[in-house]
Structure formats: structure tokens, C-alpha cells
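# Close look at the chain arrangement
Here is how the chains run, residue by residue.
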Amino acid sequence: MKKLIYLDNAATTRTAPEVVEAMVPYFSEYYGNPSSVYSLAGDSKKAITKSRETIAKALGAKSNEIYFTAGGSEADNWALKAAAEAYASKGNHIITTKIEHHAILHTCEYLEKRGFEVTYLNVDENGVVRLEELKKAIRPTTILISVMFANNEIGTIEPIKEIGEIAKEHGILFHTDAVQAFGQVPISVDEYHIDMLSSSGHKLNGPKGIGFLYIRTGLKLRSFIHGGAQERKRRAGTENVPGIVGYGKAVERALDTLESRTAKERDLRDYLIRRVLAEVPFTRLNGHRTNRLPNNANFSFQFVEGESLLIMLDMEGICASSGSACTSGSLDPSHVLLAIGLPHEIAHGSLRLTLGEETTREEIDFVVETVKKIVQKLRDMSPLYEDFMKKGR
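The structure displayed is predicted, hence computed values, not measured ones.

### So, the overall build of the protein chain
Looking only at helices and strands, the protein chain has 14 helices and twelve strands in total. Within the protein chain, counting contacts between residues at least 6 apart in sequence, those at least 24 apart form 73% of the total. Element-wise, carbon and sulfur atoms account for 52% of the exposed surface of the protein chain, whose accessible area totals about 17200 Å². Counting 49 positive and 51 negative side-chain charges, the protein chain places the averaged centre of each group 2 Å from the other.

So, in C-alpha cells, the structure goes:
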């Protein structure tokens with residue numbers, strides 16, 4: 001069996017051994033329901049409190065501003081739907097971007113059907129929000145701005161601090177989907193004027209099925225799930241204690257290794273980008289060249305169909321993707337790549353490689369050599385490439 005080279009860490013990460021170890025006792029030993037009154041339940045409640053405090057500290061937030069969810073998509077839905085409902089008397093206009101995760105875009109479509117108006121901002125060729133366009137989009141009825149911290153497909157980091165300042169200046173709520181960024185870049189909710197922030201545990205070597213929504217004190221948001229008093233009466237349902245414990249451990253671990261881990265990822269990422277761009281002709285890098293997530297590299301190869309590339313990489317033991325894991329199986333080109341101006345035929349030939357803390361230079365070398373061979377093989381089968389070469393480029 002070929003050695004597995006996993007380069008799809010934006011889709012999910014391997015749960016770290018110490019995270020699993022921290023979770024195990026809460027399945028079988030400390031299994032009490034945190035809402036009960038006896039001491040066994042108290043152990044579960046204390047564990048939740050500890051994780052909540054760890055996560056809050058990572059953001060410079062208060063522990064009572066962290067609300068656990070089942071993941072990033074739930075947190076995004078909650079932020080937008082609850083804010084729209086709570087502030088509908090003030091206005092009905094929301095601003096977001098064309099490159100958001102579908103958890104945001106589909107929620108905005110849902111709200112549009114219920115009378116809200118949504119402006120979808122364009123981005124530049126690197127996927128960066130234009131601040132002047134944002135300012136022009138603001139209306140007296142604007143109640144919410146939602147811009148992702150970093151794009152899940154092309155890795156571009158947005159000017160979140162500047163966007164937060166604009167929102168605060170106009171008295172508008174600011175939400176950011178930080179699912180890809182949390183644990184990869186430092187985040188301060190106060191410095192960036194963030195009112196709501198979404199995150200998901202399995203993106204930073206934590207477990208799946210757990211996330212959180214940061215809600216700044218003073219925001220009057222309704223409960224998202226009804227039926228109980230959990231999460232300070234805002235999110236009913238018995239808490240996922242093992243997941244919460246694992247998430248807290250993953251955040252603690254991510255903060256301890258942030259500087260050294262991301263420096264290594266950034267070095268390997270840049271090495272990968274240099275080699276691919278130098279050794280595979282008719283290739284472009286998608287996203288900002290330097291202001292991007294430490295572990296993200298996204299390429300488009302002309303005259304190549306992305307799905308075939310992924311299948312052939314998989315046959316060589318390489319796990320990669322062409323974009324968001326939530327849209328895998330779709331035949332449509334990435335909405336993110338179209339938004340940065342790529343034509344359909346080039347957007348279809350995209351490859352996202354997202355590194356992890358265990359990725360090695362030897363693995364990157366093998367991946368580059370394999371990509372070179374596969375891309376050339378696919379191009380040799382392409383009549384478009386043949387015509388292009390015959391015409392002398």
C-alpha cells in the first residue's frame with residue numbers, strides 16, 4: 001500500500017492524540033449530564049467551563065461570550081439569522097461577499113426570501129475585499145456585515161481589522177467566519193471590533209461535530225435551538241462534553257505551537273508554490289501571494305480537468321481537493337475562483353493543497369513530481385492543449 005500523503009487539512013484535520021486522550025474519560029468515566037445536580041455531573045460542568053475559558057482567552061474574549069455549537073455551519077446560521085431577526089426593526093440590509101462559505105451564502109439566500117436585502121461584495125483578483133466598495137454599500141438600513149477572516153479555498157486573509165473599524169464607525173454588527181483562521185493566525189475580537197465569530201473544532205486537530213459562536217456581550221440575539229436552558233438559555237440540548245473537552249485541548253495545543261507550527265507551514269507552502277509555478281507551465285497561483293493562510297496553496301492548471309487530477313493523485317496516495325469540501329461532487333466551478341475573475345475552463349482545473357503540522361519537505365517533493373507527471377499526462381490527452389501548442393502558444 002502506498003504511503004498516504006494528506007494535503008487536505010482545510011477540509012478536516014487529524015484529531016491529535018492528546019486531544020483524543022483528553023476526551024476519552026468523558027465518554028465512560030465522567031459521563032454525567034452537566035445539567036444535573038450531583039457531583040458526577042459537576043465534573044462534566046467543570047470540564048466545559050475550563051474549555052470555554054481556554055477558547056475565550058485565545059480570542060481575548062470573556063468566557064460567557066463563547067457559545068458551543070455543533071460546528072461552523074451552525075454558528076454561521078445562528079449569527080446571521082438571529083442578528084437579522086433581532087435587529088429587523090432597525091433595518092433589513094446585510095453586506096457579505098461573493099467568496100463566503102456556502103453556510104453564509106445559503107443563509108443569506110434564506111434571509112432574502114424573508115424580506116431582507118443582501119449586498120454581495122466583489123473582491124479583487126487576489127480575493128481581497130475592496131474597502132471603498134464596502135463603504136459605498138452601507139445604507140441607513142444596514143444591520144450586519146459578515147466577511148470571512150480567511151478564505152477556505154484560496155487562503156487569502158481579509159482586512160478584518162479595517163472592516164471591523166468601518167462597521168463600528170457606522171454602528172453596524174460585524175460577524176466573521178473564522179473557521180479556517182482560528183488556530184492559524186492570532187485573533188483579537190476587541191482589536192478587530194468583531195461582534196460575532198464562528199469556528200469549528202475539526203479544522204485545528206480537534207474533533208468533528210463541535211464548534212462555537214462568539215457573541216459580544218450586549219447583543220440581543222435569540223435562542224437558536226429551543227428546548228432547554230443550556231448555553232445560558234441560547235442553545236438548547238445536552239452539551240457534547242467529550243467534544244467540548246477535545247476542542248478546548250485542541251485550542252490549547254494550537255496556541256502553544258502557533259508560532260513554530262505556522263512558520264514551518266509557511267516555509268513549506270512557499271517552497272511548494274515556487275516549485276509548482278517554476279516547473280509546471282501554464283499554471284497560476286490563486287489567492288494573495290503572501291497575505292494568505294500559512295498552510296494554503298491553490299493552483300489552476302490550464303488544459304486540465306480538476307476532478308481527473310484529484311482521482312489520479314488519489315491513486316498515488318495523495319489526498320487533495322479542488323475547493324471546499326462542502327461542494328465536492330459538484331460539477332460547477334468554484335464560486336470563489338469565478339469571483340476572482342477566472343474563466344470557467346481555468347477554474348475547472350484547480351487544485352487546493354493544504355498542509356498540516358506533520359507535512360514534510362520530502363512529501364512536498366513527491367507531490368510536486370507527481371503533479372508534474374499527471375498534469376502533463378492530462379494535457380497530452382487534451383485536444384485544446386494540442387491545438388494551443390500547434391498554434392505556437
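### Quick word on the nonpolar core
If you look at the biggest cluster of nonpolar residues, it comprises 57 residues, and the most contacted ones within it are Leu59, Phe182, Ile187 and Phe212. Residue assignment for this core shows that the elements contributing at least two residues are helix H3 (39-59), strand S2 (66-69), helix H6 (131-137), helix H7 (160-169), strand S8 (211-215), helix H9 (241-279), helix H11 (335-339) and helix H12 (344-347). Leu313, Val371, Ile374 and Val375 belong to the second largest nonpolar core, which has 28 residues in total.

### Notes on the pattern of salt bridges
If you walk through the whole model with that rule in mind, you get 24 salt bridges. Arg275 is the partner of Glu279 in a salt bridge, and the nearest nitrogen-oxygen pair spans 2.8 Å. Linking Glu279 with Arg275, this pair stays in helix H9, spanning four residues, or about one helical turn. You can call Glu279 partly exposed: its relative accessible area is 30%. Taking relative accessible area as the criterion, Arg275 reaches 13% and is therefore assigned buried.

### So, the sheet that holds strand S7 (residues 196-200)
Sheet architecture is open: seven strands sit in the order S2-S8-S7-S6-S5-S3-S4, paired in mixed fashion. The open sheet terminates on both sides in strands that have one partner only, identified here as S2 and strand S4 (117-121). Going from strand to strand, the sheet's axes swing by 20° on average, the running direction of each strand aside. Summarising the sheet, strand S5 (residues 142-146) and strand S6 (residues 173-177) pair through three bridges and their orientation is parallel.

### Thoughts on the packing of H9 against helix H13 (residues 361-380)
The description of two packed helices rests on the angle between their axes and on the distance between the axes. Here H9 crosses H13 at 25°, and the two axes come no closer than 10 Å. By the criterion of interaxial angle, the relationship of H9 to H13 is roughly parallel. In the crossing of H9 with H13, the sense of the turn from one axis to the other is right-handed. Residues Asp267, Leu268, Tyr271, Leu272, Arg275, Val276 and Glu279 of H9 form the contact with H13, whose participating residues are Arg361, Ile364, Asp365, Val368, Glu369 and Lys372. Looking at the contact of H9 with H13 residue by residue, the class counts come to six nonpolar, no polar and seven charged.

### A look at H9
In a regular helix each residue adds 1.5 Å, so 39 residues correspond to 57 Å; H9 covers only 49 Å between its end C-alpha atoms and thus falls short of that length. Where H9 bends most, the angle comes to about 70°, and this point is Leu258. One side-chain oxygen of the residue at the start of H9 lies 3.0 Å from the amide nitrogen of Gly243, identifying that residue as Asn240.

### Comments concerning the packing of aromatic side chains
Tallying each qualifying case throughout the model produces eleven aromatic pairs. Summarising the aromatic geometry, the rings of Trp78 and Phe224 are spaced 6.1 Å apart at their centres and angled 20° between planes, so their arrangement reads as stacked. With Trp78 in helix H4 (residues 72-86) and Phe224 in the loop between S8 and helix H8 (230-233), this residue pair connects regions lying 146 residues apart in the sequence. Residues Phe182 and Phe212 carry aromatic rings whose centres are separated by 5.5 Å and whose planes lie at 85° to one another, so their mutual orientation is edge-to-face. With Phe182 in the loop between S6 and S7 and Phe212 in strand S8, the pair connects residues that are 30 residues apart, well separated along the chain. Both residues of the pair, Phe182 and Phe212, count as buried. In this structure an aromatic cluster arises from ring pairing among Phe282, Phe303, Tyr385 and Phe388. One Lys or Arg, Lys81, reaches over the ring of Tyr110 and ends 4.5 Å from the middle of that ring. Over the face of the ring belonging to Tyr271 we find Arg361, whose NZ or CZ atom lies 4.0 Å from the ring centre.

Procedures and definitions
Residues numbered from 1 in each chain as written. Predicted model: local features only at pLDDT ≥ 70, side-chain atom pairs only at ≥ 80, totals over all residues. Heavy atoms only, no water. Helix = DSSP H or I, 4+ residues; strand = E, 2+ residues; numbered from the N terminus. Contact = heavy atoms within 4.5 Å. Areas by Shrake-Rupley, 256 points an atom, 1.4 Å probe, with all protein chains shown as cover. Lys, Arg positive; Asp, Glu negative; His and termini not counted. Charge placed at Lys NZ, Arg CZ, Asp CG, Glu CD. Core = buried A, V, L, I, M, F, W, Y, C linked by side-chain atoms within 4.5 Å. Buried < 20%, exposed > 50% of the residue type's maximum accessible area, 1.4 Å probe, protein only. Salt bridge = Lys/Arg side-chain N within 4 Å of Asp/Glu carboxyl O. Pairing = 2+ DSSP bridges. Axes fitted to C-alpha atoms, helices over the stretch in contact; angles between N-to-C directions. Parallel < 35°, antiparallel > 145°, perpendicular 65-115°, else oblique. Left-handed = near helix turned anticlockwise from the far one by under 90°. Nonpolar A, V, L, I, M, F, W, Y, C, P; charged D, E, K, R; others polar. Expected span 1.5 Å × (residues − 1). Bend = angle between axes of the 7 residues up to and from the residue. Polar contact = N/O pair within 3.5 Å; in protein donor to acceptor, adjacent residues only side chain to side chain. Phe/Tyr/Trp six-rings, centres within 6.5 Å; stacked < 30°, edge-to-face > 60°. Lys NZ or Arg CZ within 6 Å of the ring centre and 35° of its normal.

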